[in-house]
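# Structural description and commentary
Listed here are the chains, written in short residue letters.
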Amino acid sequence: MRSKLHHRWYVPYLFLLPGLALYILWMIYPLGYELYISFFNWKIMPGQQSEFIGLENYKEVMHDKYFWMALENTVRYTAVTVGGQMLIGLGLAVLVHRVFIGKRIFRTIYYIPVVTSWVVVSFLFQFLFSSHPGGFVNYLLVSVLGVLDKPVMWMSETKTAWIIIYVLGIWKGVGWTMVIFLAALQGVPVELYESAAIDGAGEWQQFKNVTLPLIRRTTLFIMVALVIGGFQAFVSIYLITGGGPLHRTEVVLSYMYDRAFDRLRFGYGASLSYVLAAIVVFVSFIQMRMFRQSD
Amino acid sequence: MFRRLTLLALIAILVMPIGITHARQETVTIKFWHTYNETSPENDMLVNTLIPMFEESHPNIKVESVPFPYGEFRQTLLTSLAGGEGPDLARLDIIWSPEFAQLGVLSALDETMPDFQDLAARVFPGPLSTNAYDGHYWGLPLDTNTRVFMYNPTLFEQAGITASPTTIDELKALCEPIKALGDDIYLFSDGGTYGWAVLPWIWSFGGDITDPEITTASGYLNSEKTVAAYEFLAEMVDQGCFSPSYLGGGMDTGTGYFTDIFASMLDGPWMYPIAEAQYPDFEIQAAQMPAGEGGSISVVGGENIALFAGAAHPDEAMEFLRFTQSDEYQLKMSEVGQLTVIPSLLENEYFQNHPYYGAFLEQLKTAKARTPHPAWSQMEEILTDAGQLILRGEASPQEALDLAAEEIDELLAEE
């Protein structure tokens with residue numbers, strides 16, 4: 001009986017079924033439906049007729065200046081925040097790695113922003129960077145440090161608005177990169193440092209020639225994960241600047257949200273998200289190849 | 001015998017619940033979504049005075065009032081309606097009515113409400129007209145307002161200004177004395193370049209957004225007079241006379257006005273209850289919008305109340321809608337800055353002796369409404385962006401407005 005059951009081909013699938021069913025219901029079905037919507041001038045209100053328009057939405061995306069602006073912003077956001085998170089995360093990991101007392105405390109403190117809700121920290125940053133002379137950052141820069149003589153209107157200039165979004169993006173993710181780097185650093189055999197030291201390698205040479213090559217796989221893994229996350233940036237931008245001023249801090253997802261939920265152009269929004277998905281898949285594919293070549 | 005008794009008892013038990021539900025009158029809950037400001041007394045008036053008053057006279061109806069911040073309301077409402085989770089009634093900015101009507105989510109009151117004509121005859125024709133779209137009425141006006149020129153008496157006195165400016169030129173002349181008070185003191189402020197903020201200047205300069213039939217913006221939005229209005233605003237912001245809050249994200253205009261940072265602003269009657277509650281020592285000084293070549297023209301605001309086509313309880317909702325048109329509702333709301341839409345009430349002693357409604361009623365005589373068009377939200381985005389380009393000095397008024405007019409023309413052609 002037992003062996004018979006064992007041989008039935010469908011048995012493993014039965015065990016997979018509950019998870020698979022949920023996956024299909026919550027992931028595959030909406031994705032497929034979204035693709036379907038993207039070929040329509042989709043009417044969201046009950047009782048209205050949606051019109052099939054083929055690839056028109058996709059053609060419009062290609063000619064939409066705001067889409068290109070948003071894409072450029074997304075790429076820049078990804079480059080800045082991924083770079084920042086990796087450099088600072090690695091730096092912190094090296095420091096925390098060397099600490100013998102309270103390692104766990106440091107790890108926890110740096111990790112807290114990672115597990116805090118995006119909504120909460122976005123509002124917190126909006127508050128910190130208030131344009132009011134009494135806003136925390138303005139107060140710090142003008143009255144305490146005296147670096148500036150006038151409070152900055154953070155949200156009204158594109159450049160300063162990006163500063164808030166970048167700082168938040170980096171600050172929020174640094175704890176995660178630090179923890180992963182820390183795990184990798186702990187995996188580097190101490191003997192290698194010892195022999196490098198005997199060969200006369202200084203601190204920096206040890207770091208460059210021993211540490212970095214040995215944590216390479218981890219570095220690539222972090223990069224791939226962060227880049228995918230960077231392309232999906234939305235909450236902080238939507239809440240802090242709403243894409244403004246003049247759509248200049250719009251990223252692809254905030255722009256998609258605006259077209260879909262503000263203009264009620266759900267077909268167009270769907271096509272925007274499919275274009276973004278294609279880009280993310282392409283970028284990840286290239287990174288994966290780099291990953292493989294590095295081995 | 002025993003069997004018969006058992007049978008009777010069983011029947012009685014079966015029938016009992018029917019009797020009970022019949023005896024108890026069924027209570028219906030209607031959902032009313034609105035933007036009555038939670039930090040001002042208007043929401044308090046609705047929730048603690050008016051709704052209890054209504055529920056007392058209509059014991060079978062409960063009103064569930066849900067306040068939303070203005071900026072989020074339109075989108076929240078649209079999304080909820082799309083998901084079939086909308087309210088029975090909503091208080092809509094007059095400028096949203098055509099858009100919601102076009103989406104087919106509102107109930108045409110002239111068809112569904114037997115006493116619509118009587119109610120419509122009671123209100124001001126101007127606010128009523130903001131409910132009209134495609135040959136039907138999709139709501140009734142709830143309150144009306146306009147922006148008047150409010151100045152800060154402390155700053156005016158410190159600057160030695162004795163009279164409120166009646167013309168735009170006179171206003172301009174006040175720039176120097178106000179600026180002399182300090183670098184971070186501004187003559188005037190507003191929160192951005194959206195329609196509500198820039199239209200009084202455009203109209204008072206003699207410009208406009210579109211032709212009266214709303215078919216084209218070219219020749220109106222980029223006309224010499226509209227360009228002059230933007231040139232004026234750009235010059236004022238550039239010289240530090242008008243506050244940089246125009247670029248968005250700056251200090252809230254009302255806060256700056258009450259805390260002696262902004263010497264003047266354009267604002268509505270709701271500022272009085274706010275002052276009373278938060279700045280009890282402050283005395284708002286109101287005057288008419290400074291006049292330009294086009295006159296002293298401000299912008300009409302206000303809200304409509306609309307019944308949704310998908311309302312769960314249309315009859316009960318209509319009862320509440322009627323209540324909002326009653327004298328008592330209108331008078332109570334007028335106490336908290338919501339100016340009535342019923343002209344006959346203005347004869348009332350309350351308005352005759354009112355400390356501040358006079359300025360608004362006077363300004364309303366010439367005030368104009370924003371373009372009543374389903375695509376207004378999109379037109380306004382184009383307008384806002386053009387204004388930002390101009391005030392940031394990134395495009396000349398003529399360039400930016402030519403482009404904006406072209407974009408609005410395209411939008412109007414689509415409809």
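Once a new chain begins, its residue numbering starts again from 1 and follows that chain's sequence as written. Each chain is given a letter, starting from A, and each ligand a number, starting from 1, according to the order in which they appear as written. Where local features are concerned, this predicted model is filtered to residues with pLDDT of at least 70; where side-chain atom pairs are given and counted, the filter is 80 or more; whole-chain, interface and lining totals use all residues.

Time to look at the overall build of chain B. The helix count covers DSSP runs of H or I at least four residues long, the strand count covers runs of E at least two residues long, and both are numbered beginning at the N terminus. Helix and strand counts for chain B stand at 20 helices and eleven strands. Taking the principal axes of its C-alpha atoms as reference, chain B extends roughly 105 × 50 × 35 Å. The exposure scheme places C-beta atoms from the backbone and then counts, for each residue, the other C-beta atoms within 10 Å of its own, assigning buried at 20 or more, exposed at 12 or fewer, and partly exposed in between. When each of the 415 residues of chain B is scored for burial, the buried share is 45%. By the convention adopted here, residues are in contact when the distance between their C-beta atoms, placed from the backbone, does not exceed 7 Å. For chain B, restricting intrachain contacts to residue pairs at least 6 apart in sequence, the fraction spanning at least 24 positions comes to 76%.

Here the focus is the environment of Gly267(A). All names here are of chain A. Tracing the chain through its elements places Gly 267 in helix α14 (residues 266-293). On the basis of neighbour count, Gly 267 is assigned to the buried category, with 27 C-beta atoms found within 10 Å. Gly 267 sits 215 residues away from Phe 52 along the chain, and the two C-alpha atoms are 9.8 Å apart. Excluding residues that lie within four positions of it along the chain, Gly 267 makes contacts with Ile 37, Ser 38, Phe 40, Asn 41, Trp 42 and Asn 57.

With that settled, consider the confidence of the model for chain B. Confidence of the prediction at every residue is given by pLDDT, a number between 0 and 100. The predicted model of chain B has a mean per-residue pLDDT of 92, with 94% of residues at 70 or higher. Interface confidence for the predicted complex, expressed as ipTM, amounts to 0.78; the pTM equals 0.84.

Looking now at helix α13 (residues 252-262) of chain A. Residue and element names in this part refer to chain A. Burial of α13 is extensive: nine of the eleven residues sit out of reach of the surface. Within the span of α13, buried status applies to Val 252, Leu 253, Ser 254, Tyr 255, Met 256, Tyr 257, Asp 258, Arg 259 and Ala 260. Buried-residue contacts for α13 involve α4 (65-98), α12 (235-240) and α14. Following α13 by one or two positions, Leu 264 has its phi on the positive side, about 60 degrees.

It is worth spelling out the pairing of strand β3 (residues 89-93) of chain B at this point. Residue and element names in this part refer to chain B. Counting buried residues in β3 gives four out of five residues, a clear majority hidden from the surface. As paired strands, strand β1 (residues 28-34) and β3 are joined by two bridges and run parallel to one another. Along β3, the bridge assignment pairs Phe 32 with Leu 89. Both β3 and strand β10 (residues 299-307) contribute to a ladder of five bridges, which runs antiparallel. Residue Leu 92 lies in a different strand from β10, and its bridge partner there is Asn 304. The pairing criterion is simple: DSSP has to find at least two bridges between the two strands.

Attention shifts here to unusual backbone geometry. The omega torsion across Gly244(A) and Pro245(A) is -10 degrees, close enough to zero to call that bond cis. At Asp260(B), a residue that is not glycine, the phi angle is positive and equals roughly 60 degrees. Mapped onto the elements of the fold, Asp260(B) is located in the loop between α13 (253-258) and β8 (264-267). By the C-beta count within 10 Å, which is 16 here, Asp260(B) ends up partly exposed.

What follows deals with the sheet that holds β8(B). Residue and element names in this part refer to chain B. The antiparallel open sheet is built from three strands, whose spatial order is β8-β7-β9. A strand with exactly one partner marks an edge of an open sheet, and here the two such strands are β8 and β9 (285-287). Taken pair by pair, the neighbouring strands of this sheet meet at an average axis angle of 35 degrees, ignoring direction. With four bridges connecting them, strand β7 (residues 148-151) and β8 associate as antiparallel partners. Across the sheet, Phe 149 pairs through a bridge with Leu 266, a residue of β8. In this description, a line fitted to the C-alpha atoms serves as the axis of each element, helices being fitted only across the stretch in contact, and the angle between N-to-C directions of two axes falls anywhere from 0 to 180 degrees.

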